[in-house]
2 protein chains.
Amino acid sequence: MKQVCFGVDIGGTTVKLGLVSQEGDLLEKREFPSSRDLAVTFDDIAANIRQVMDSFPDAMCIGAGVGVPGPVLEQSVVRGCVNLGWGDTNIAQELGCRINMPVKVENDANLATLGELWQGGGKGCRNLVMLTVGTGIGGGVICNGRIVAGATGGGGEVGHLPMPFRPDWQCSCGKHGCLEVTASATGIIRAAREYAPFCEMEALTAKDVYDAAAAGDENARRVVDEAGSALGMAAAILGCVVNPEMVLLGGGVSAAGRALLDPVEAAFKQNVFPPCGNVRFALAQLGNNAGIFGGAALFFTQSA
Amino acid sequence: MKQVCFGVDIGGTTVKLGLVSQEGDLLEKREFPSSRDLAVTFDDIAANIRQVMDSFPDAMCIGAGVGVPGPVLEQSVVRGCVNLGWGDTNIAQELGCRINMPVKVENDANLATLGELWQGGGKGCRNLVMLTVGTGIGGGVICNGRIVAGATGGGGEVGHLPMPFRPDWQCSCGKHGCLEVTASATGIIRAAREYAPFCEMEALTAKDVYDAAAAGDENARRVVDEAGSALGMAAAILGCVVNPEMVLLGGGVSAAGRALLDPVEAAFKQNVFPPCGNVRFALAQLGNNAGIFGGAALFFTQSA
């Protein structure tokens with residue numbers, strides 16, 4: 001009998017849910033709104049899981065792997081999801097009792113990293129780091145094939161690495177100068193606004209800045225280089241701590257492709273401890289589906 | 001039958017070898033010179049192991065866990081030991097064929113961290129980081145009870161974290177400004193020599209600098225504070241990457257006790273991502289025996 005698994009990615013506005021085969025095929029995908037009301041969200045997830053299973057009567061479902069935007073303990077309890085207004089929630093229990101199958105839970109960014117390891121840009125790796133560069137910077141760390149969740153679910157929070165570039169800029173976490181304030185899309189826009197012509201543009205995106213740099217604008221180049229330096233130094237830090245074989249860049253800003261990768265790789269080489277320098281840099285491949293694949297990988301690749 | 005295991009710590013000048021019970025008792029310890037001649041070193045280790053076993057006829061030895069000063073792959077091959085003049089060496093094979101029992105190998109600093117986790121300052125932890133501050137700075141990272149060795153055996157090389165304090169000081173690794181050049185005993189002495197009266201003292205130790213700081217010398221205080229800031233920032237970095245529950249400080253400089261711990265902890269709190277801030281700081285407890293206990297722990301605590 002064909003083994004399958006659900007991957008469920010609970011976000012601040014939507015839930016993405018997919019049925020994935022052991023071979024890594026996404027058999028069906030659904031998307032619906034998440035709710036600040038816990039019971040509503042879990043009822044909706046359970047109803048969708050039942051409906052999808054009805055279309056696959058010959059498949060044996062071994063569980064549901066769930067990603068949530070918050071720190072997760074022991075693959076079951078999320079310690080609050082700010083974006084959803086949830087407090088401490090035992091998701092494994094809440095969902096498990098509704099669907100009668102095993103449920104494992106992880107932080108969404110860590111789970112996306114595991115998804116990329118299993119079926120995306122990091123396929124074949126055992127030691128992988130992902131930096132997800134969007135409005136903020138998230139990420140995940142995988143050592144010897146397993147997610148580093150840490151003591152309180154804060155493993156892989158690479159967006160909050162202390163960095164020397166913008167010591168006066170406050171981060172959403174309360175600290176100053178985190179990687180996230182320097183190199184996220186938000187940080188790139190903020191830095192660009194120090195210069196003409198960006199200071200006068202009402203709507204400005206990180207893509208505009210990358211495009212201007214590519215077109216030869218020196219100020220844009222400076223901003224893009226600083227973001228690359230910060231991300232490369234972060235990768236060098238991760239290099240000597242967990243010594244990955246690969247660093248993946250994902251998130252909205254990774255649409256810049258080589259224009260993002262090249263300065264990051266250059267700054268990495270400049271800062272890394274040489275014996276840890278043998279690292280491939282690449283782009284994440286699964287986009288918004290990374291969490292779904294990661295959820296399935298919790299069952300297909302992570303032994304208890 | 002009582003289960004026992006050998007822990008073997010191969011250093012640049014001596015081999016430390018101990019027989020350890022499953023309960024964590026060090027039943028016998030020996031120390032003898034290491035040799036640049038591989039065969040001599042392994043013959044000596046094998047001979048000592050046989051002699052020790054003869055004194056414990058009722059014990060069942062389940063293996064030997066070996067630490068070496070170099071990067072280790074797959075718990076067997078060390079990729080060169082600079083201090084010993086060894087090239088790539090399959091230690092598991094070299095020693096295993098001489099003693100007819102399973103051999104597992106790890107980097108010495110990682111192994112010492114595992115020893116502290118099992119029977120030392122980190123007892124009861126699952127997520128632990130150790131910073132070993134001596135002539136250089138070594139360390140180890142343990143996530144979910146397991147050593148983070150990394151893709152090429154360079155996991156836990158925390159002495160080479162890029163740091164913003166001494167950007168012009170070159171490290172032995174070739175880079176500039178590593179944690180090691182800032183906060184090791186060597187770095188502390190170098191920094192102190194910028195000031196009177198230390199610039200004129202022929203023999204100067206890190207202990208002298210800590211003693212002078214304790215006695216109220218302002219220049220010494222400045223040096224000690226900078227080292228503490230660097231170590232605390234390193235701990236904050238490790239905090240958001242692997243989210244440990246405890247950070248241990250070991251090595252020669254840790255003899256300074258609270259005079260070392262206090263500034264490190266203060267700088268940690270200032271730099272850490274708040275959700276990863278719940279960390280206990282303590283001193284390593286096993287001293288030179290940490291590697292022996294770590295070797296035994298490879299068999300007693302690390303499932304395959």
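A brief look at the structure comes next. Values in this document were obtained by computation on a predicted structure and should not be read as measured data. (Residues numbered from 1 in each chain as written. Chains lettered and ligands numbered in written order. Predicted model: local features only at pLDDT ≥ 70, side-chain atom pairs only at ≥ 80, totals over all residues. Heavy atoms only, no water.)

## Some points on the interface of chain A and chain B
Thinking step 1. Taken together, the 36 residues of chain A in the interface contact 37 residues of chain B.
Thinking step 2. Between chain A and chain B, the buried area comes to about 2700 Å², and carbon and sulfur atoms account for 68% of it.
Thinking step 3. On the chain A side of the contact with chain B, C240(A), V241(A) and F273(A) bury the most area, a combined 21% of that side's loss.
Thinking step 4. Our count for the chain A to chain B interface comes out at zero salt bridges.
Thinking step 5. Along the contact surface separating chain A from chain B lie 18 residue pairs in polar contact (both at pLDDT 80 or more).
Thinking step 6. Looking at the side of chain A that touches chain B, the elements with two or more residues in it are β10 (137–143), α7 (218–242) and α8 (258–271) of chain A.
Thinking step 7. Sort the elements by how many residues they give to the side of chain A that touches chain B and α7(A) lands first, with six residues.
Thinking step 8. Within the side of chain A that touches chain B, the residues separate by chemical class into 22 nonpolar, 11 polar and three charged. (Contact = heavy atoms within 4.5 Å. Buried area = accessible area lost by both parts, 1.4 Å probe. Salt bridge = Lys/Arg side-chain N within 4 Å of Asp/Glu carboxyl O. Polar contact = N/O pair within 3.5 Å; in protein donor to acceptor, adjacent residues only side chain to side chain. Helix = DSSP H or I, 4+ residues; strand = E, 2+ residues; numbered from the N terminus. Nonpolar A, V, L, I, M, F, W, Y, C, P; charged D, E, K, R; others polar.)

## Regarding the environment of G120(A)
Thinking step 1. Its location among the elements puts G120(A) in the loop between α3 (108–119) and β9 (128–133).
Thinking step 2. Remark: the alpha-carbon pair of G120(A) and N48(A), spanning 72 residues in sequence, is separated by 25 Å.

## Re the pairing of strand β7 (residues 86–90) of chain A
Residues and elements named next belong to chain A.
Thinking step 1. Examined bridge by bridge, strand β6 (residues 77–81) and β7 share four bridges and lie antiparallel to one another. Bridge pairing in β7 places V78 opposite T89.
Thinking step 2. Between β6 and β7, which pair antiparallel in sequence order, lie four residues; one of them, G85, sits at a positive phi of approximately 70 degrees. (Pairing = 2+ DSSP bridges.)

## Digging into the relation of the copies chain A and chain B
Thinking step 1. Laying chain A over chain B is done by rotating through 180 degrees and shifting 0.0 Å along the axis; what remains is an RMSD of 0.0 Å. Between the two chains, the operation in question is that of a two-fold axis. Residues of chain A ranked by C-alpha distance from the rotation axis are headed by P164(A), positioned 3.4 Å from it.
Thinking step 2. Interface residue correspondence from chain A to chain B reaches 100%, placing this contact among same-surface, isologous pairings. (Least-squares fit on C-alpha atoms with pLDDT ≥ 70 in both.)

## Here we look at the sheet that holds strand β5 (residues 72–73) of chain A
Thinking step 1. In space, the three strands of this open sheet follow the order β5-β6-β7 (chain A), with antiparallel pairing throughout. The strands lining the two open edges of the sheet, one partner per strand, are β5 and β7 of chain A.

## Focus on the pattern of salt bridges
Thinking step 1. In total, this model carries 18 salt bridges over all chains according to the counting rule given.
Thinking step 2. Where R30(B) meets E28(B), a salt bridge forms, and the shortest distance between an N and an O atom there is 3.3 Å.
Thinking step 3. Owing to a relative accessible area of 22%, E28(B) belongs among the partly exposed residues under this scheme.
Thinking step 4. Among the ionic pairs, K207(B) bridges to D211(B), the shortest N-O distance being 2.9 Å. Linking K207(B) with D211(B), this pair stays in helix α6 (residues 206–214), spanning four residues, or about one helical turn.
Thinking step 5. Through salt bridges with shared partners, one network takes in D43(A), E94(A) and R98(A). (Buried < 20%, exposed > 50% of the residue type's maximum accessible area, 1.4 Å probe, protein only.)

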